[in-house]
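# Survey of secondary and tertiary structure
What follows is the residue order along each chain.
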Amino acid sequence: MKPLSRNKRRIYLFGLVLLFLICLPIALFFASGYSFRHGFGFIRTGGIFVSVPYAGAVVSVNGEEVGTSGLVKRGFYIDNLAPSSYEVRVTRDGSRPWNKTLVVEENLVSDTRALLVPLEIQPMLLAFGAEASSTKIISRSLYNLYSLAFDVPAATSTRGTFGESIFVEHGDVFVRLSDEGALPSSNFCGRPSYCAEEIPIENGRQASVAAAFFGGGVVYATKEGGIFLKEADIRPTPVVVPVYQKAGSLFRVIDGRLIVKDGNKLYEIEGL
Amino acid sequence: MPHPRLRFSMQQTVPHWYLHIGRASELSGRDRIIYRLFEMLPGFLSVGTLLLFVALSFTRPDWAAYLTIVFSMYWLFRTIYLSIHLRYNFKRMRHNMALDWNARLKDLKHEEVVHLVIFPFYNEAYDVVAESVRGLIRAAWDTKRICVVLSAEARAGEEQRKIAERVKEEFGGKFLDFQVVAHPEGVPGEIIGKGSNISYAAEEARIRILDPRKLPYERVLVSALDIDTVVYPQYFACLTWHFLTAENPSRSSFQPVPLYNNNIWQAPMLSRVMAYSSSFWQMIQQERPEKLATFSSHAVPFQQLYEAGYWQRNVVSEDSRIFWNLFARYDGNYTVIPMAYPVSMDANAAPTFFGTAKNIYRQHRRWTYGAENIAYILFTFMKNPRIPFGKKFRAAFVQIEGFWSLVTHPLVLFAVGWLPLLVGGKGFNATVLSYNLPLVAKVFLTASLFGLVVCAAIGMQLVPERPREYGRWRSTQLLFQWALVPVTMVIFTSIPGLDAQMRLLFGRYLGFWVTPKIART
């Protein structure tokens, strides 16, 4: 048996080189977002990336189901989208549906993170030494700690973990980038190529007194309406849900828990 | 003053004064600077490529991402191309193993051909040495046409000398001649290693065997076999046939396929993967003879060996260097003929996992230190105008590209190629390219896995019969072991390769490291 002949080797080599040269531009074009559309030729496309930090949520784009999140699968990348606006919807049993309008631009990906708020938000009355079905019993020292937290005035600005800060100014709440030079994350951008410097959380008629990052959004309290949770995203339509609707109520985030003070009573908000 | 035993060969190589240069420090003036720059070249290219990737990942992550896609696609096509060669060589090797090479020799004048087998050894046990010599006796070849030189290292002490004498006493009478020699310690101009040992042994064989028996040098074929090499039955017949039918036998070396089957069932998974990976690379090269240099156990006509001054005594990679010595000595008119016939050696294994990993790393660093040949090749090409430019260019390109890709490709594909995603910044991370990079690269890399399927299928057919003490699970492991390849490629190929090239770059020259051989049970 003779060694592989030079001619055969040349055929393999040139064949593969030819295939490589044909496939390479296709791969590079695809990777850059180019796509062939019948009647339009090659067009530049963009994409959407939806991060869903919950299992069992159904993701759809423009009414078309894309997939369901699981324990491992928490991100959905939808590519090959012509530049336009797209309605993203994420639904899950027991949660309020989440909708977002995303603008897709050429060669860019609009990313977003779904915020699913439970249908029922339960304020649990905090107590020590008493027993009742609607009361959460905690230790006296913890109760005192929570009470003392309300003696200190709420901060007018709070720094988040993603380079963003909350500012409470003249009764309004804004989220701004902490570092001026830093590129904004996508929630600041109405479209991928255009980003705002701040996200208004509450700048209407009500007067906000405190705000903090919590539960994937911003919790703020107004003098008139009580406590709310709002998604920090400039794109329509940000989630806004009432957390504790009673004028004059206050809140603090203590050790990752949302504690509400209403008169002399303390509540812990569960479910967020 | 050279050792007396070295004088003979220096006389042979005076017109080619550069033939046995080991490193830049042996030269002076302009030549020294040039050689040093050549030594630095492989490290410079590899580090340069990796640094370029890192720099691009920060400054132009889109370019780096495109390059990663190009690399991953190139990897796929290269895998296909190499797999074709591997599969073909496997078929050819199996065919050659089934042939009766003695029958093929009937019409050829082979009676005058004598085989000189050199076994260098250092601290191996009696069992290892004896089994290799028994392999020669078991071969389907008249042992009265085989001379054996068992070349111990004097520095190994009396114990090794005794092992050699015992082997000679037991088996020596079966051969035409059997000599035990002890390579002296501390000869000026030598480094400790296989090259200095077998060069000494070859000259001793000339003085003690060839000249007294008046054996014509041009009819003596020297097989320089590692001490753990056990030849397959038809090795000598196959080698003789290739020698006698070669287009230009006096300008040819002969390369068998090194299989690491001696202890493959005892060796741990990591060791097996590395052993077969090395064998498969040699099998691929067998079908690409223009890229083939001698490696590990190989055969050379004595006349040419003598004229080239034997193996270099001052380099680590004497096995591949001897080819380049001969290539330069005969002005580019020298080739390696692939035999597509195996010899069996020991897979690199130690009693513990970490011991094995350490040994494999060091062994592969030694092998990839073959990059030291690049400086030698470029320098001799510069000094020898009689080698045609086309041959110089091809040889230099193949060697430089080979050592560059060995180090850079796995590191790019499995490490630095993904840097743009980490350091490319928010601007890059918002692009379609950033999202598509892992998707596209994954497609090509996943498709490349079919190469592993080819490896697994061939590996299963090359492995010797499973010993009774091992169950079916051991056989199953032989299939699944290939999943380790992406890791072993980086840790035991790229990184030791980079380590070796860095040593050349900074002049921290590597010494020879003897792979420990464990007595076979």
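Residues numbered from 1 in each chain as written. Chains lettered and ligands numbered in written order. Predicted model: local features only at pLDDT ≥ 70, side-chain atom pairs only at ≥ 80, totals over all residues. Heavy atoms only, no water.

Across its full length, chain B holds 20 helices and eight strands. For 521 residues, the compact-globule estimate of 2.2 N^0.38 gives 24 Å, and chain B sits close to it at 23 Å. On the principal axes, the C-alpha backbone points of chain B span a range of 80 × 65 × 45 Å. Taken over 521 residues, chain B has a buried fraction of 62%. About 20200 Å² of surface is accessible on chain B, with carbon and sulfur atoms providing 61% of the total. Of the side-chain charges in chain B, 57 are positive and 40 negative, and the distance between the mean point of each set is 6 Å. (Helix = DSSP H or I, 4+ residues; strand = E, 2+ residues; numbered from the N terminus. Rg over C-alpha atoms; globule rule 2.2 N^0.38 Å. Buried < 20%, exposed > 50% of the residue type's maximum accessible area, 1.4 Å probe, protein only. Areas by Shrake-Rupley, 256 points an atom, 1.4 Å probe, with all protein chains shown as cover. Lys, Arg positive; Asp, Glu negative; His and termini not counted. Charge placed at Lys NZ, Arg CZ, Asp CG, Glu CD.)

Another aspect to go through is the overall build of chain A. Secondary structure assignment for chain A yields two helices and 24 strands. In terms of overall dimensions, chain A is more spread out than a globule: its C-alpha atoms have a radius of gyration of 26 Å, far above the 19 Å expected for 272 residues. Overall, chain A is about 90 × 45 × 35 Å in size when its C-alpha atoms are taken along their principal axes. Looking at chain A as a whole, 42% of its 272 residues qualify as buried. Taking contacts inside chain A between residues at least 6 apart in sequence as the whole, the part at least 24 apart equals 50%. Accessible area of chain A: about 14500 Å², with a carbon and sulfur share of 55%. Side chains of chain A carry 28 positive and 26 negative charges; the gap between the two charge centres is 10 Å. (Contact = heavy atoms within 4.5 Å.)

Residue and element names in this part refer to chain A. Taken together, the four strands give an open sheet; going across it, the order is β18-β19-β20-β21, and neighbouring strands pair in antiparallel fashion. The open sheet is flanked by β18 (208–214) and β21 (240–244), the only strands paired with a single partner. Here the strands of the sheet are splayed against their neighbours by 25 degrees on average, with no regard to which way each runs. Judged from the five bridges that link them, strand β19 (residues 217–222) and strand β20 (residues 226–230) form a sheet pairing that is antiparallel. Looking across to β20, one finds that V218 is bridged to K230. (Pairing = 2+ DSSP bridges. Axes fitted to C-alpha atoms, helices over the stretch in contact; angles between N-to-C directions.)

To continue, consider the pairing of strand β7 (residues 298–301) of chain B. Residue and element names in this part refer to chain B. Burial of the side chains of β7 extends over both faces: H298 and V300 are buried on one face and A299 and P301 on the other. Across four bridges, the pairing between strand β4 (residues 220–224) and β7 is antiparallel. Following the sheet pairing, S223 is matched in β7 by A299.

Turning our eyes to something else, we now look at the nonpolar core. All names here are of chain B. L150 and Y235 are the most contacted members of the largest nonpolar core, which totals 109 residues. Ranked by residues supplied to this core, first place goes to helix α3 (residues 61–98) with 13 residues. Ignoring anything within four residues of it in the chain, the contact list for L150 reads F119, F121, V129, A164, V167, F178, Q179, V180, V181 and I227. Residues L116, Y200, L292 and V316 belong to the second largest nonpolar core, which totals 61 residues. (Core = buried A, V, L, I, M, F, W, Y, C linked by side-chain atoms within 4.5 Å.)

Let's shift gears to the pattern of salt bridges. Scanning the entire structure with this criterion turns up 32 salt bridges over all chains. Here R176 of chain A makes a salt bridge to E198 of chain A, at a shortest N to O gap of 2.6 Å. Of the two residues, R176 of chain A sits in strand β14 (residues 172–177) while E198 of chain A sits in strand β17 (residues 198–202), which places them 22 residues apart along the sequence. Taking the shortest distance from any N to any O, the salt bridge between R208 of chain B and E204 of chain B comes out at 3.1 Å. (Salt bridge = Lys/Arg side-chain N within 4 Å of Asp/Glu carboxyl O.)

Where the parts come together, the accessible area they lose is often given as the size of the interface. With 32 residues of chain A at the contact, the number on the chain B side is 29 residues. Summing the contributions of chain A and of chain B, the shared interface buries around 2800 Å²; its carbon and sulfur component is 70%. Summed over the shared surface of chain A and chain B, the number is one salt bridge. Note that E290 of chain B is salt-bridged to R9 of chain A, the shortest N-O span being 2.6 Å. (Buried area = accessible area lost by both parts, 1.4 Å probe.)

A few words on the pairing of strand β7 (residues 84–91) of chain A. Residue and element names in this part refer to chain A. In this structure, strand β4 (residues 58–61) lies alongside β7, joined through four bridges in antiparallel fashion. When the bridges of β7 are listed, V58 appears paired with T91. In this structure, β7 lies alongside strand β8 (residues 98–104), joined through seven bridges in antiparallel fashion. Paired with S84 across the bridge in β8 is V104. The hairpin formed by β7 and β8 contains six residues between the paired strands, and G94 there has a positive phi angle of roughly 85 degrees.

In this model, P236 of chain A is joined to T237 of chain A through a cis peptide bond whose omega is 0 degrees. For T237 of chain A, the location among the structural elements is in the loop between β20 and β21. The phi dihedral of K214 of chain B falls on the positive side, at around 55 degrees, and the residue is not glycine. Within the secondary structure, K214 of chain B sits in the loop between α7 (194–210) and β4.

Our focus in this paragraph is the packing of aromatic side chains. Considering all chains together, one arrives at 39 aromatic pairs over all chains under this definition. Ring geometry for Y77 of chain A and Y435 of chain B: centres 5.1 Å apart, planes at 20 degrees, overall stacked. Separated into two different chains, Y77 of chain A in strand β6 (residues 75–81) and Y435 of chain B in helix α17 (residues 432–448) make up a pair that spans both. On the basis of an interplanar angle of 80 degrees and a centroid distance of 5.7 Å, the ring pair of F53 of chain B and F71 of chain B is categorised as edge-to-face. (Phe/Tyr/Trp six-rings, centres within 6.5 Å; stacked < 30°, edge-to-face > 60°.)

This part takes up the side chain of D226 of chain B. All names here are of chain B. Within the secondary structure, D226 sits in the loop between β4 and β5 (230–231). Residue D226 is classed as buried on the basis of its relative accessible area of 14%. Among the polar contacts listed, one links the side chain of D226 to the side chain of K194, at a separation of 2.6 Å. Apart from residues lying up to four places away in sequence, D226 is in contact with F119, K194, S296, S297 and M345. (Polar contact = N/O pair within 3.5 Å; in protein donor to acceptor, adjacent residues only side chain to side chain.)

Residue and element names in this part refer to chain A. Here L19 shows up in helix α1 (residues 6–32). What makes L19 partly exposed here is its relative accessible area of 42%. As for L19 and G41, which are separated by 22 residues in sequence, their C-alpha atoms are 23 Å apart.

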